[in-house]
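# Observations on the model geometry
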Amino acid sequence: MDLRKILARNASGNLIRGVSGAVLALGLPPFLTRTMSMAEFSAWALILQLAAYVNYLDVGIQVALARLIAHAHERKQFALSHAIATSGVAILTISALVALLTIAILTWQLPPLSP
């Protein structure tokens, strides 16, 4: 496949993803404010904000792992590929546990902080 076609396809995919997220972010709140109570909508808005902050923590670990594994496979270094995959699972698992612990602490401490 031509490199220009690949780049165009990837760019259009990223554009569609960004536009769909923007449409959802602009279209969902008016619907939710009509159907939810103030407390429910406040909780939902807080959840959406936490999810937005989680996106800032996407530092490209999965992309880097995929590239390194593909590179090791291309060189027929399957033991290295397995080691990279195992390390990646460990890194992502630890990251998920840290995020879960942070959410648990915030859930526990948020009511006293914001009555």
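The present account deals with the structure reproduced in this document. (Residues numbered from 1 in each chain as written. Predicted model: local features only at pLDDT ≥ 70, side-chain atom pairs only at ≥ 80, totals over all residues. Heavy atoms only, no water.)

### Describing the overall build of the chain
Using the following cut-off: Put simply, DSSP marks the helices as runs of H or I at least four residues long and the strands as runs of E at least two long, and each gets a number from the N terminus on. What the globule rule says is 2.2 Å times the number of residues to the power 0.38, and the radius of gyration is computed from C-alpha atoms. We call a residue buried when its accessible area falls under 20% of the maximum for its residue type, exposed when it is over 50%, and partly exposed in between, using a 1.4 Å probe and counting protein chains only.
Across its full length, the chain carries 4 helices and 0 strands. Mapped in sequence order, the helices and strands of the chain form the string α-α-α-α. Computed over C-alpha atoms, the radius of gyration of the chain comes to 20 Å, more than 25% over the 13 Å expected from 2.2 N^0.38 for 115 residues, which places it beyond the range of a compact globule. When the backbone C-alpha atoms are referred to their principal axes, the chain occupies close to 60 × 35 × 15 Å. With 115 residues in all, the chain has 5% of them scored as buried.

### Let's talk about the side chain of Ser-81
Rule in force here: Residue contacts are counted whenever heavy atoms from the two residues lie within 4.5 Å of one another.
Considering the arrangement of structural elements, one finds Ser-81 in helix α4 (residues 78–113). By relative accessible area, which is 6% here, Ser-81 ends up buried. When sequence neighbours within four positions are dropped, the list of residues in contact with Ser-81 reads Ile-69, Ala-72 and His-73.

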